[in-house]
Amino acid sequence: MIEFIIATLLIPFAALITGFIIPGLERKVQARIQQRIGPPLLTPGFWAVLKFIYKEKIQPNSPMPRLFHSLPIIGVFVMFFAVLFTTPEWWVVNTLGTVVAVVGLLKVIEFLFMAMGSFSRSILSVSMPYADQVKGAVMKGEYRRFFEQQSVLRAFKMITIGSFPMYVAMFVPVILAKSINFSDIVAYQGFDSTLIFPGGMIDLLYLEKIFALKPILFTLPGILAAFVYFIGYLMMLNEYPFSIEKAKSDVIEGPSLEYASWARGGYYLMREAILFVLSSVFITIFIGLPPTLNLPLLIVHCALCLIMPVLFSVVSAFSPIFTFKQVYPVSMGFTAIGFLAMVVSLIMVI
Amino acid sequence: MGENERKEKAEVEVPVGLLHPAMLEPYRARFFVDDELIVDCELTLDPYHKGIERIMEGMPVEKGLIITERICGICSHIHLWNGTRAVERGLRIKVPERADYIRVIMAELERLHSHLIFLAHAMEVLGHETMCMRAFTLREDVMDLLYIISGNRVHYAVPIIGGIRPRCDIDDFRMSELHNRLSKLDVKIGDYANRVINDSLIMSRVKGTGVLTKEEAIKYATPGPTGRASGINIDLRKKMKEYKTFDFNVIVLDDGDNKDRVVARALECIESVKIIKQALESLPSGPISDRSFELKEMRFSTSYIEAPRGEIYDSLALDETGRIRNYQNRTPTLTAMASMEIACIGDQLTDGMLTMASCDPCLACTNRAIVVENGKERVFTEEEVKSLIRRGL
């Protein structure tokens, strides 16, 4: 029981610390590619959040401002549980330590983006006081759509098409391990459950155990699935080139346009949590190293979680935003590769 | 698709602006969309009016012409040159050849500056931050060159009536600096253009979007590189006496889409470097200004010039004391934006914003006051305008 309580407190805390670093790392990598210095490492992820908490509170032009403001906090909690579900100490709770449970929580996050957009009414579009129709406008009386509403439509499309690659990729380790339980997936990759608790200081024994792992990532279906997962990761995060949901050129920041002061800080926290969870799930199911109470292993896990954001920063720096003309074929293409990985893993299992 | 059909197809309106991060200028775009596809668009360009023409009325001509630089912060030299040129034409002042060369060098550097800002802005609207930053980095080099010649990074104030200011003459030190830096810039711009043209991700966004056919471009009098990207082979520089001695190509492309508008400007940058190099190599010696003219009453005089965004027109008259009367200025953005209103139809909404940016809009220099009486727009006659000016309104 004591492990369960400590894990519930410590592992989300470790996730939070890593989450504080990720946005800074992401910005730093992009800045270096763009021949700039970039912000200090902790500024975008930590100091910015702190700064927003102390900013003047601004009432959003939303029909349900309280609910609108609470959505990022709900998102942080959802991701809090997603981290815990991948933690070995929580696997004793029946059915929570499964890939399906994490997929369910990620679906909630996707829905949250739609909800945010639906409850937002920024002044930058329809509400802007400007007499459009006095000067002989041809189109009069059309229904007018806020940027956020346009963004919600895009979020809906991304839920249907954009999330396919990630979920398909997540089920490749499931097929190989013949189980949806994280415990079985990491055991398949040689994770030694005796390492879970109590842990200790850095010891070569741990390094040996880590090097003894046989990650799914280094198998043929694993590589294919990892590649597809990475594309799904970008889509899920609404990051370049799949940031059509918050394309600056038209819908500006999309669903989060009206978040200011502490709510903007909350939104940043939610994003950091999603960044960590998606990386953490990848490390757990493709490398076989879950976030555990064992301190050295937890540090290695968190360090590995920084790799994917670095990779996505590089991709983002060299990509324009895709419109749906490009998103559909890319998503379908990678979903097809994901299915190929599933077929290959099925053949391997049979 | 006819107007009625478009009206029926429009599902919803998405109004964009006046304030929007993707708009460098204050205009209002009403996109009528069916799902994500634009079926119609209406632009409103006139919320912002500087009243420069009115401000200049009655000012001493040398003092007034400096204000033309404030029409645009990016192409300030070309406005001052064209205003000065109109006066020089009206008063039949002969400009020394060396001054003409230096004016051309400044104009071409300014074209580089303007096109690089365009490329940066287009890449920003595309969402490609890296190429945006790189274009801005290249622009810094161009601004350094402008600084070397004029002493200023913007608002250079190079031309004066009869020539150029003494501080803007190109001496040996400036000449060697310009030569050195231009040779590097040439390579850098070429690399950048190649990188943009060969980037399949960028091309997937710009190819086939925002198509403006040659017929539409002619109908809407699309100016400058925007028109040339739609196949209109007009470049006023080929007709200007100042450019007669230089060998350069007019970049004319046929597809008329966003890709061609981006590529046309990238290739024009290379041509501009070519012109500057020729001008530096054959820079004639001699005086840089002829100030022996006498200001007197001048009848209505006009001048047309090829600015980075297209053709600009300046006209003015002088009274017997050399004060400006009836200064008029027409800039290319008005017709360029009108063309984009048509070009964006059929695009995705996100591409529509790119199409708007692809004509390199600069409204600060374009707007006219619109008079609305009882909810209806009214156009003032020439007599009414003169009457208003006489009454000081």
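For the structure given in this document, a descriptive report is provided here. Small disclaimer: the values here were computed from a predicted structure and weren't measured.

Scanning chain B for helices and strands turns up 14 helices and ten strands. Judged by the C-alpha coordinates and their principal axes, chain B covers about 65 × 55 × 30 Å. Relative to its full complement of 393 residues, chain B shows a buried share of 59%. Accessible surface, chain B: about 15600 Å² in total, of which carbon and sulfur atoms supply 51%. Positive and negative side-chain charges in chain B, numbering 54 and 62 respectively, have mean positions lying 5 Å apart.

Here the structure, examined in full by the defined rule, presents 24 aromatic pairs over all chains. Judged by centre distance (6.4 Å) and plane angle (70°), the ring pair of Phe77 of chain A and Phe80 of chain A falls under edge-to-face. Highlighted residues: Phe77 of chain A and Phe80 of chain A, both in helix H3 (residues 65–85), separated by three residues, approximately one helical turn. Their ring planes at 70° and their centres at 5.9 Å tell us that Tyr233 of chain A and Phe312 of chain A sit as a pair that is edge-to-face. With a gap of 79 residues between them, Tyr233 of chain A in helix H9 (residues 220–237) and Phe312 of chain A in helix H12 (residues 307–317) connect regions that are remote in the sequence. Residue Phe312 of chain A is classed as buried on the basis of its relative accessible area of 0%. Taken together through their ring pairs, the aromatic side chains of Phe4, Phe77, Phe80, Phe81, Phe85 and Trp90 of chain A make up a single cluster. Cation over ring: Lys238 of chain B sits above Phe248 of chain B, and NZ or CZ is 4.2 Å from the ring centre. A cation sits over an aromatic face here: Arg265 of chain B above Phe118 of chain B, 4.3 Å from the ring centre.

With respect to the helices and strands, Thr8 of chain A occurs in helix H1 (residues 2–33). Once you skip the residues sitting within four places of it in the chain, Thr8 of chain A turns out to touch Phe80, Leu84 and Trp90 of chain A.

Residue and element names in this part refer to chain A. A cluster of nonpolar side chains, contributed by Leu42, Trp47, Leu50, Ile53, Tyr54, Ile73, Phe77, Phe81 and Trp262, occupies part of the molecular surface with about 900 Å² of accessible area. Of all the secondary-structure elements, those providing two or more residues to the nonpolar patch are helix H2 (43–53) and H3. Mapped onto the fold, Ile53 is located in helix H2. Judged by its relative accessible area of 45%, Ile53 falls in the partly exposed class.

So, about helix H5 (residues 147–162) of chain A. With twelve of 16 residues buried, H5 of chain A is to be regarded as a mostly interior element. Three or more residues of H5 of chain A are buried, namely Phe147, Glu148, Gln149, Gln150, Ser151, Val152, Arg154, Ala155, Lys157, Met158, Ile161 and Gly162 of chain A. Considering only its buried residues, H5 of chain A is in contact with helix H4 (99–118), helix H6 (164–177), H9 and helix H13 (324–349) of chain A together with strand E1 (12–16) and helix H13 (349–358) of chain B.

With that settled, the discussion passes to the interface of chain B and chain A. Each side of the interface is counted separately: chain B has 52 residues, and chain A has 42 residues. Counting across the interface, chain B meets chain A through three salt bridges. Between Arg144 of chain A and Glu13 of chain B there is a salt bridge whose closest N-O contact spans 3.2 Å. Those elements that place two or more of their residues in the side of chain B that touches chain A are helix H1 (3–9), E1, strand E2 (28–34), strand E3 (37–44), helix H5 (97–126), helix H6 (129–150), helix H8 (200–206) and H13 of chain B. The residue inventory of the side of chain B that touches chain A, partitioned by class, reads 21 nonpolar, twelve polar and 19 charged.

Further remarks concern the sheet that holds strand E6 (residues 298–307) of chain B. The strands making up a sheet associate through hydrogen bonds between their backbones, and the pairing can be parallel or antiparallel. Residue and element names in this part refer to chain B. Across the sheet, which stays open at both edges, the three strands sit in the order E6-E7-E8 with antiparallel pairing between neighbours. Two strands bound the open sheet, and with one partner strand each, they are E6 and strand E8 (324–330). Put simply, the sheet's adjacent strands are angled 10° from each other on average, direction ignored. Taken together, the five bridges between strand E7 (residues 310–318) and E8 define a ladder with antiparallel strand orientation. Bridge assignment links Ser315 to a residue of E8, and that residue is Gln328. Where helix H4 (residues 76–91) meets the sheet, it contacts E6, E7 and E8, and its direction lies at approximately 140° from that of E6.

Residues and elements named next belong to chain A. Two elements in contact, H4 and H5, have axes whose closest approach is 7 Å; the angle formed by their N-to-C orientations is 160°. As judged from the angle between their axes, H4 and H5 are roughly antiparallel. Relative to H5, the crossing made by H4 is left-handed. Here H4 contributes Lys107, Glu110, Phe111, Met114, Gly117 and Ser118 to the contact with H5, which in turn contributes Glu148, Gln149, Val152, Ala155, Phe156, Met158 and Ile159. Looking at side-chain class alone, the contact of H4 with H5 contains seven nonpolar, three polar and three charged residues.

In this structure, the amide linkage connecting Tyr240 of chain A to the following residue, Pro241 of chain A, adopts the cis form with an omega of 0°. Omega for the bond connecting Gly17 of chain B with Leu18 of chain B falls within 30 degrees of zero, at 5°, which places this linkage in the cis form. On the secondary structure map, Leu18 of chain B appears in the loop between E1 and E2.

Residues and elements named next belong to chain B. The antiparallel open sheet is built from three strands, whose spatial order is E1-E2-E3. Each of the sheet's edge strands pairs with one partner strand only, and the pair in question is E1 and E3. Shown here is a sheet whose adjacent strand axes are inclined to one another by a mean of 20°, direction ignored. Where E1 lies against E2, five bridges are found, and the strand directions are antiparallel. Note on E2: the bridge partner recorded for Glu13 is Phe32.

It is a general feature of regular strands that their side chains alternate between the two faces of the sheet. Residues and elements named next belong to chain B. Of all the nine residues making up E7, eight are buried; the element is thus mostly covered by neighbouring parts of the structure. Pairing of E6 with E7, which is carried by eight bridges, proceeds in the antiparallel orientation. From the neighbouring strand, Ser301 faces E7, where its bridge partner is Leu316. A loop of two residues connects E6 with E7, the two strands running antiparallel in sequence.

Now for the environment of Ile170 of chain B. Residues and elements named next belong to chain B. Tracing the sequence through the fold places Ile170 in the loop between strand E5 (163–164) and helix H7 (172–197). In sequence terms Ile170 and Leu295 are 125 residues apart; their C-alpha atoms lie 28 Å from each other. In this structure Ile170 touches Arg98, Ile102, Ile105, Ile149, Met175, Leu178, Leu280 and Leu283, once residues within four positions along its chain are discounted.

Turning our eyes to something else, we now look at the packing of H5 of chain B against H13 of chain B. If you want to describe how two helices pack, look at the angle between their axes and the distance between the axes. Residues and elements named next belong to chain B. As a packed pair, H5 and H13 sit with axes 9 Å apart at the nearest point and diverge in direction by 175°. Here H5 is positioned roughly antiparallel relative to H13, judged by the angle of their axes. Residues Phe118, His121, Ala122, Val125 and Leu126 of H5 touch H13, and the partners they reach there are Met353, Leu354, Ala357 and Ser358. Grouping the constituent residues of the contact of H5 with H13 by class yields seven nonpolar, two polar and no charged.

All right, on to the pattern of salt bridges then. Residues and elements named next belong to chain B. Summed over the entire model, instances satisfying the criterion amount to 39 salt bridges over all chains. In this structure, Arg205 engages Asp351 in a salt bridge whose closest nitrogen and oxygen atoms are separated by 2.9 Å. Remark: Asp351 occurs in helix H13 and Arg205 occurs in helix H8; sequence separation between them is 146 residues. Between Glu268 and Arg228 there is a salt bridge, with the nearest N and O atoms lying 2.7 Å from each other. Here Glu268 is found in helix H11 (residues 258–281), whereas its partner Arg228 is found in helix H10 (residues 224–228), with 40 residues between them in sequence. A single burial state applies to Glu268 and to Arg228, both of which are buried. It is possible to trace a salt-bridge network through shared partners that takes in Glu108, Arg111, Arg228, Asp235, Arg237, Glu268 and Glu306.

Cut-offs applied
Residues numbered from 1 in each chain as written. Chains lettered and ligands numbered in written order. Predicted model: local features only at pLDDT ≥ 70, side-chain atom pairs only at ≥ 80, totals over all residues. Heavy atoms only, no water. Helix = DSSP H or I, 4+ residues; strand = E, 2+ residues; numbered from the N terminus. Buried < 20%, exposed > 50% of the residue type's maximum accessible area, 1.4 Å probe, protein only. Areas by Shrake-Rupley, 256 points an atom, 1.4 Å probe, with all protein chains shown as cover. Lys, Arg positive; Asp, Glu negative; His and termini not counted. Charge placed at Lys NZ, Arg CZ, Asp CG, Glu CD. Phe/Tyr/Trp six-rings, centres within 6.5 Å; stacked < 30°, edge-to-face > 60°. Lys NZ or Arg CZ within 6 Å of the ring centre and 35° of its normal. Contact = heavy atoms within 4.5 Å. Patch = residues over 30% accessible without salt bridge, like charges linked within 9 Å, V, L, I, M, F, W, Y side chains within 5 Å. Salt bridge = Lys/Arg side-chain N within 4 Å of Asp/Glu carboxyl O. Nonpolar A, V, L, I, M, F, W, Y, C, P; charged D, E, K, R; others polar. Pairing = 2+ DSSP bridges. Axes fitted to C-alpha atoms, helices over the stretch in contact; angles between N-to-C directions. Parallel < 35°, antiparallel > 145°, perpendicular 65-115°, else oblique. Left-handed = near helix turned anticlockwise from the far one by under 90°.

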